[in-house]
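Next come the chains, spelled out residue by residue.
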Amino acid sequence: MIYFVGAGSGAPDLITVRGQRLIREADVIIYAGSLVNPALLDERKPDCAVYNSARMTLEEVLAVMREAEQNGWMTVRLHTGDPCIYGAVREQMDALDALGIAYESCPGVSSFCGAAAALNLEYTLPDVSQSVIITRMAGRTPVPERESIASFAAHGATMVIFLSAGLLEELEKELAAGGYTEATSAAIVYKATWPEEESYLCTVGTLAQTAAAHGITKTALIIVGEAVAHSGYRRSDLYNPSFETEFRRADR
(Lines give C-alpha, C1' and ligand atoms only; values in the text may rest on other atoms or scores of the structure.)
Protein backbone atom coordinates (compact mmCIF):
# COMPACT_ATOMS: atom_id res chain seq x y z
CA MET A 1 0.00 0.00 0.00
CA ILE A 2 1.12 3.54 -0.81
CA TYR A 3 0.11 6.39 1.50
CA PHE A 4 0.31 9.97 0.26
CA VAL A 5 0.86 11.91 3.48
CA GLY A 6 0.75 15.64 4.03
CA ALA A 7 3.76 16.60 6.14
CA GLY A 8 2.15 19.84 7.26
CA SER A 9 3.42 23.38 6.89
CA GLY A 10 6.78 22.90 8.60
CA ALA A 11 6.61 22.48 12.35
CA PRO A 12 6.99 18.75 13.06
CA ASP A 13 4.15 18.77 15.58
CA LEU A 14 1.74 20.05 12.91
CA ILE A 15 1.60 16.73 11.11
CA THR A 16 -1.63 14.85 11.76
CA VAL A 17 -1.75 12.00 14.27
CA ARG A 18 -2.55 9.67 11.38
CA GLY A 19 0.35 10.95 9.34
CA GLN A 20 2.76 10.46 12.22
CA ARG A 21 1.51 6.90 12.72
CA LEU A 22 2.01 6.10 9.04
CA ILE A 23 5.58 7.43 9.15
CA ARG A 24 6.30 5.24 12.17
CA GLU A 25 4.92 2.16 10.37
CA ALA A 26 6.50 2.78 6.95
CA ASP A 27 9.06 0.46 5.40
CA VAL A 28 9.87 3.05 2.72
CA ILE A 29 9.57 6.85 2.85
CA ILE A 30 9.89 9.05 -0.23
CA TYR A 31 9.91 12.66 0.96
CA ALA A 32 9.79 15.97 -0.90
CA GLY A 33 13.32 17.18 -0.14
CA SER A 34 13.97 20.46 1.63
CA LEU A 35 10.26 21.32 1.64
CA VAL A 36 9.66 18.68 4.34
CA ASN A 37 11.05 19.25 7.82
CA PRO A 38 13.68 16.48 8.27
CA ALA A 39 12.71 16.20 11.94
CA LEU A 40 9.66 14.24 10.77
CA LEU A 41 11.96 11.48 9.55
CA ASP A 42 13.18 10.94 13.11
CA GLU A 43 9.90 9.08 13.69
CA ARG A 44 10.76 6.35 11.18
CA LYS A 45 11.74 2.76 12.00
CA PRO A 46 15.50 2.07 12.14
CA ASP A 47 15.34 -0.13 9.03
CA CYS A 48 13.09 2.18 7.00
CA ALA A 49 14.53 3.09 3.58
CA VAL A 50 14.43 6.84 2.87
CA TYR A 51 14.51 8.56 -0.53
CA ASN A 52 14.70 12.28 -1.31
CA SER A 53 12.42 12.91 -4.29
CA ALA A 54 14.03 16.30 -5.00
CA ARG A 55 16.75 14.29 -6.76
CA MET A 56 14.35 11.89 -8.50
CA THR A 57 12.13 11.86 -11.57
CA LEU A 58 8.55 10.63 -11.53
CA GLU A 59 9.72 7.39 -13.14
CA GLU A 60 12.32 6.85 -10.39
CA VAL A 61 9.74 7.49 -7.66
CA LEU A 62 7.38 4.99 -9.25
CA ALA A 63 10.15 2.41 -9.55
CA VAL A 64 10.76 2.63 -5.79
CA MET A 65 7.05 2.31 -5.10
CA ARG A 66 6.72 -0.67 -7.43
CA GLU A 67 9.67 -2.49 -5.85
CA ALA A 68 8.31 -1.83 -2.36
CA GLU A 69 4.94 -3.20 -3.36
CA GLN A 70 6.50 -6.32 -4.84
CA ASN A 71 8.27 -6.91 -1.53
CA GLY A 72 5.09 -6.40 0.50
CA TRP A 73 6.38 -3.19 2.07
CA MET A 74 4.36 -0.15 3.06
CA THR A 75 5.40 3.14 1.46
CA VAL A 76 4.78 6.70 2.64
CA ARG A 77 5.03 9.37 -0.04
CA LEU A 78 5.62 12.40 2.18
CA HIS A 79 4.61 15.68 0.59
CA THR A 80 4.87 19.20 1.93
CA GLY A 81 1.75 20.86 3.39
CA ASP A 82 -1.28 19.12 1.97
CA PRO A 83 -0.56 17.09 -1.16
CA CYS A 84 -3.70 18.39 -2.90
CA ILE A 85 -2.10 21.83 -3.46
CA TYR A 86 0.79 21.89 -5.95
CA GLY A 87 1.74 18.38 -4.87
CA ALA A 88 1.92 16.76 -8.33
CA VAL A 89 0.14 13.76 -6.84
CA ARG A 90 -2.46 13.05 -9.52
CA GLU A 91 0.15 11.89 -12.03
CA GLN A 92 1.54 9.49 -9.41
CA MET A 93 -1.93 8.17 -8.63
CA ASP A 94 -2.79 7.64 -12.29
CA ALA A 95 0.44 5.68 -12.75
CA LEU A 96 -0.34 3.57 -9.67
CA ASP A 97 -3.84 2.92 -11.01
CA ALA A 98 -2.28 1.65 -14.24
CA LEU A 99 0.01 -0.64 -12.22
CA GLY A 100 -2.84 -1.91 -10.06
CA ILE A 101 -1.21 -0.60 -6.86
CA ALA A 102 -3.54 0.60 -4.09
CA TYR A 103 -3.05 3.95 -2.37
CA GLU A 104 -4.71 6.29 0.11
CA SER A 105 -4.33 9.96 0.99
CA CYS A 106 -3.72 11.47 4.43
CA PRO A 107 -4.31 15.24 4.49
CA GLY A 108 -1.94 17.76 6.03
CA VAL A 109 -1.91 21.35 7.23
CA SER A 110 -1.23 23.54 4.21
CA SER A 111 1.22 26.40 4.42
CA PHE A 112 -1.60 28.82 3.60
CA CYS A 113 -3.11 27.83 6.96
CA GLY A 114 0.30 28.15 8.61
CA ALA A 115 0.72 31.62 7.12
CA ALA A 116 -2.63 32.72 8.50
CA ALA A 117 -1.57 31.45 11.93
CA ALA A 118 1.68 33.43 11.71
CA LEU A 119 -0.34 36.61 11.20
CA ASN A 120 -3.29 35.70 13.46
CA LEU A 121 -5.28 36.22 10.29
CA GLU A 122 -8.84 35.33 9.29
CA TYR A 123 -9.05 35.20 5.51
CA THR A 124 -12.84 35.49 5.41
CA LEU A 125 -13.97 38.63 7.24
CA PRO A 126 -17.64 39.65 6.82
CA ASP A 127 -18.07 42.58 4.41
CA VAL A 128 -14.36 42.41 3.51
CA SER A 129 -13.87 39.05 1.80
CA GLN A 130 -15.71 35.75 1.86
CA SER A 131 -13.50 33.97 -0.66
CA VAL A 132 -9.87 32.83 -0.75
CA ILE A 133 -8.10 32.43 -4.09
CA ILE A 134 -5.07 30.13 -4.02
CA THR A 135 -2.90 30.61 -7.08
CA ARG A 136 0.60 31.32 -8.33
CA MET A 137 2.44 33.40 -10.90
CA ALA A 138 3.39 31.90 -14.23
CA GLY A 139 7.13 31.26 -14.20
CA ARG A 140 9.18 28.39 -15.58
CA THR A 141 5.96 26.42 -15.58
CA PRO A 142 2.89 28.05 -17.14
CA VAL A 143 -0.49 28.94 -15.70
CA PRO A 144 -3.65 28.82 -17.87
CA GLU A 145 -4.26 32.30 -19.29
CA ARG A 146 -7.79 32.32 -17.88
CA GLU A 147 -6.21 32.00 -14.41
CA SER A 148 -3.88 34.97 -14.59
CA ILE A 149 -3.18 36.95 -11.44
CA ALA A 150 -4.84 39.99 -13.00
CA SER A 151 -8.05 38.11 -13.75
CA PHE A 152 -8.30 36.82 -10.18
CA ALA A 153 -7.35 40.19 -8.70
CA ALA A 154 -10.43 41.69 -10.36
CA HIS A 155 -12.58 39.91 -7.76
CA GLY A 156 -11.02 41.81 -4.87
CA ALA A 157 -11.06 38.65 -2.76
CA THR A 158 -8.30 37.48 -0.44
CA MET A 159 -5.47 35.97 -2.49
CA VAL A 160 -2.81 33.54 -1.30
CA ILE A 161 -0.04 33.31 -3.87
CA PHE A 162 2.32 30.35 -3.84
CA LEU A 163 5.63 29.83 -5.66
CA SER A 164 6.05 33.49 -6.59
CA ALA A 165 8.50 35.05 -4.10
CA GLY A 166 11.09 35.51 -6.85
CA LEU A 167 8.65 37.31 -9.16
CA LEU A 168 7.37 40.10 -6.96
CA GLU A 169 7.93 43.03 -9.31
CA GLU A 170 5.89 41.25 -11.97
CA LEU A 171 3.34 40.25 -9.34
CA GLU A 172 2.84 43.87 -8.29
CA LYS A 173 2.09 44.80 -11.91
CA GLU A 174 -0.36 41.93 -12.35
CA LEU A 175 -2.21 42.77 -9.14
CA ALA A 176 -2.46 46.43 -10.15
CA ALA A 177 -3.68 45.47 -13.62
CA GLY A 178 -6.46 43.45 -11.98
CA GLY A 179 -7.69 46.30 -9.84
CA TYR A 180 -5.83 46.24 -6.54
CA THR A 181 -4.37 49.62 -5.62
CA GLU A 182 -0.76 50.01 -4.54
CA ALA A 183 -2.07 50.72 -1.02
CA THR A 184 -3.96 47.41 -0.77
CA SER A 185 -2.85 45.48 2.30
CA ALA A 186 -0.49 42.56 1.76
CA ALA A 187 1.87 40.31 3.68
CA ILE A 188 4.86 38.06 3.08
CA VAL A 189 5.28 34.95 5.21
CA TYR A 190 8.58 33.10 4.88
CA LYS A 191 8.68 29.41 5.90
CA ALA A 192 5.43 29.51 7.84
CA THR A 193 5.56 27.50 11.11
CA TRP A 194 9.27 26.58 10.68
CA PRO A 195 11.68 27.75 13.41
CA GLU A 196 13.03 30.35 10.97
CA GLU A 197 9.58 31.76 10.15
CA GLU A 198 9.43 35.46 9.26
CA SER A 199 6.36 37.55 8.47
CA TYR A 200 6.09 41.11 7.19
CA LEU A 201 3.11 43.36 6.61
CA CYS A 202 3.30 45.60 3.57
CA THR A 203 1.19 46.72 0.61
CA VAL A 204 0.77 45.61 -2.98
CA GLY A 205 3.06 48.43 -4.04
CA THR A 206 5.85 47.44 -1.62
CA LEU A 207 5.93 43.64 -1.99
CA ALA A 208 9.19 43.54 -3.94
CA GLN A 209 10.81 46.20 -1.75
CA THR A 210 9.85 44.37 1.46
CA ALA A 211 11.13 41.00 0.24
CA ALA A 212 14.41 42.54 -0.95
CA ALA A 213 14.92 44.31 2.38
CA HIS A 214 14.73 40.97 4.19
CA GLY A 215 16.52 38.81 1.63
CA ILE A 216 13.46 36.71 0.79
CA THR A 217 13.60 35.10 -2.65
CA LYS A 218 11.81 31.76 -2.17
CA THR A 219 9.81 29.57 0.23
CA ALA A 220 7.39 32.39 1.04
CA LEU A 221 3.67 32.94 0.63
CA ILE A 222 2.23 36.24 -0.52
CA ILE A 223 -1.13 37.26 0.94
CA VAL A 224 -3.07 40.09 -0.68
CA GLY A 225 -6.35 41.74 0.31
CA GLU A 226 -7.87 43.94 2.97
CA ALA A 227 -8.45 40.92 5.25
CA VAL A 228 -4.74 41.31 6.07
CA ALA A 229 -5.49 44.65 7.77
CA HIS A 230 -7.98 43.10 10.27
CA SER A 231 -10.18 46.19 9.95
CA GLY A 232 -13.40 47.43 8.38
CA TYR A 233 -15.23 44.16 8.90
CA ARG A 234 -18.75 43.56 10.19
CA ARG A 235 -19.41 41.45 13.25
CA SER A 236 -20.13 37.82 12.39
CA ASP A 237 -23.76 36.75 12.55
CA LEU A 238 -22.77 33.37 13.94
CA TYR A 239 -22.40 34.59 17.54
CA ASN A 240 -24.59 37.68 17.33
CA PRO A 241 -27.37 37.52 19.96
CA SER A 242 -29.85 38.99 17.46
CA PHE A 243 -29.22 36.21 14.93
CA GLU A 244 -31.20 32.99 15.29
CA THR A 245 -29.63 29.63 14.52
CA GLU A 246 -30.69 26.00 14.70
CA PHE A 247 -29.14 25.83 18.18
CA ARG A 248 -29.93 29.26 19.65
CA ARG A 249 -32.95 31.56 19.64
CA ALA A 250 -32.43 35.21 18.80
CA ASP A 251 -32.42 37.70 21.68
CA ARG A 252 -35.45 39.86 21.01
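Whatever comes next refers back to the structure up there.
Now for a quick tour of the structure. Since the structure is predicted, the reported quantities are computational estimates derived from the model, not experimental observations. (Residues numbered from 1 in each chain as written. Predicted model: local features only at pLDDT ≥ 70, side-chain atom pairs only at ≥ 80, totals over all residues. Heavy atoms only, no water.)

Looking at the packing of aromatic side chains
Applied cut-off: When the centres of two rings from Phe, Tyr and Trp lie within 6.5 Å, Trp using its six-membered ring, the rings pair. Their planes under 30 degrees apart give stacked, over 60 give edge-to-face, and anything left gives tilted. Starting at the N terminus, helices and strands are each numbered in turn, a helix being any DSSP run of H or I of at least four residues and a strand any DSSP run of E of at least two. Between buried and exposed lies partly exposed: a residue is buried under 20% and exposed over 50% of the maximum accessible area for its type, with that area taken using a 1.4 Å probe on protein chains only. The criterion is that NZ of a Lys, or CZ of an Arg, lies within 6 Å of the ring centre and within 35 degrees of the ring normal, and then a charge sits over that ring.
Summed over all chains, the structure comprises 3 aromatic pairs. Note on phenylalanine 4 and tyrosine 103: the rings are 6.0 Å apart at their centroids and 85 degrees apart in plane angle, and the pair reads as edge-to-face. Here tyrosine 103 lies in strand 5 (residues 103–106) and phenylalanine 4 lies in strand 1 (residues 2–6), a separation of 99 residues in the sequence. Overall, phenylalanine 4 belongs to the buried group, its relative accessible area being 1%. Residue class for tyrosine 103 comes out partly exposed when judged on its relative accessible area of 21%. The interplanar angle of 35 degrees and the centroid separation of 6.1 Å between the aromatic rings of phenylalanine 112 and tyrosine 123 together place this pair among those described as tilted. Here tyrosine 123 lies in the loop between helix 4 (111–118) and strand 6 (132–136) and phenylalanine 112 lies in helix 4, a separation of 11 residues in the sequence. Accessibility classification places phenylalanine 112 together with tyrosine 123 in one group, the buried group. The side chain of lysine 191 reaches across the aromatic face of tryptophan 194, ending 3.9 Å from its centre.

Observations concerning the sheet that holds strand 2 (residues 28–31)
Which entries qualify depends on this criterion: In this description, strands pair whenever DSSP reports at least two bridges between them. Structural elements are reduced to axes, namely lines fitted to C-alpha atoms, with helices fitted over the stretch in contact, and the angle between N-to-C directions of any two is expressed from 0 to 180 degrees.
Ordered by their spatial adjacency, 5 strands build an open sheet running 3-2-4-1-5, and the pairing between neighbours is parallel. Since the sheet does not close on itself, it has two edges, and those belong to strand 3 (49–52) and strand 5, each with one partner. Averaged over all pairs of adjacent strands, the angle between strand axes in this sheet comes to 20 degrees, irrespective of strand direction. The sheet contact formed by strand 2 and strand 3 spans 4 bridges and is parallel.

What about the sheet that holds strand 10 (residues 220–224)?
Within a sheet, adjacent strands bond to each other through the backbone by hydrogen bonds, running parallel or antiparallel. Our working rule: Residues are treated as being in contact if the distance between any of their heavy atoms lies within 4.5 Å.
The sheet built from 5 strands is open, its strands ordered 6-7-10-8-9 with mixed pairing. Taken across any chain shown, the strands that pair with only one partner, and hence form the sheet edges, are strand 6 and strand 9 (198–203). For this sheet, the mean inter-axis angle between neighbouring strands, taken without regard to orientation, is 20 degrees. Note: strand 7 (residues 158–162) against strand 10, 3 bridges, orientation antiparallel. Residue pairing across strands places methionine 159 opposite valine 224, the latter belonging to strand 10. With respect to the sheet, helix 4 is in contact with strand 6, strand 7, strand 8 (185–190), strand 9 and strand 10, its orientation differing from that of strand 10 by roughly 70 degrees.

Structural notes on the pattern of salt bridges
It is possible for side chains of opposite charge to pair when their charged atoms get near one another. As a reminder, the rule being used: Salt bridges are defined by distance alone: a side-chain nitrogen of Lys or Arg within 4 Å of a carboxyl oxygen of Asp or Glu.
Inspection of the entire model under this criterion finds 8 salt bridges. One salt bridge in this structure joins aspartate 127 and arginine 234, with 3.1 Å as the shortest N-O distance. With a gap of 107 residues between them, aspartate 127 in the loop between helix 4 and strand 6 and arginine 234 in the segment after strand 10 connect regions that are remote in the sequence. Through salt bridges with shared partners, one network takes in Arg90, Asp94 and Asp97.

Digging into helix 4
Considered for burial, the residues of helix 4 that qualify are Phe112, Gly114, Ala115 and Ala116. Buried residues belonging to helix 4 abut strand 6, strand 7, strand 8 and strand 10.

A short note on the pairing of strand 2
Neither face of strand 2 is open: one carries Val28 and Ile30, the other Ile29 and Tyr31, and all of them are buried. Pairing of strand 2 with strand 4 (residues 75–79) involves 4 bridges; the strand directions are parallel. Note that in strand 4 the partner of tyrosine 31 across the bridge is leucine 78.

Description of the side chain of lysine 191
Tracing the chain through its elements places lysine 191 in the loop between strand 8 and strand 9. The exposure class assigned to lysine 191 is buried, which follows from its relative accessible area of 14%. Not counting the four nearest positions on each side in its chain, lysine 191 is found in contact with Glu196, Glu197 and Thr219.

Brief notes about the nonpolar core
Heads up, the condition is: Each nonpolar core is a collection of buried residues, namely Ala, Val, Leu, Ile, Met, Phe, Trp, Tyr and Cys, held together in the definition by side-chain atoms within 4.5 Å.
In this structure, Met159, Leu171, Leu175, Ile188 and Val224 are the most contacted members of the largest nonpolar core, which totals 25 residues. Going through the elements one at a time, helix 5 (149–153), strand 7, helix 6 (168–178), strand 8, strand 9, helix 7 (207–213) and strand 10 are the ones with two or more residues in this core. Look past the residues within four positions of isoleucine 188 in its chain and what remains in contact with it is Leu168, Glu198, Ser199, Tyr200, Cys202, Leu207, Thr210, Ala211, Ile216, Ala220, Leu221 and Ile222. Of all hydrophobic cores here, the second largest spans 18 residues; its members include Ile23, Tyr31, Leu40 and Met74.

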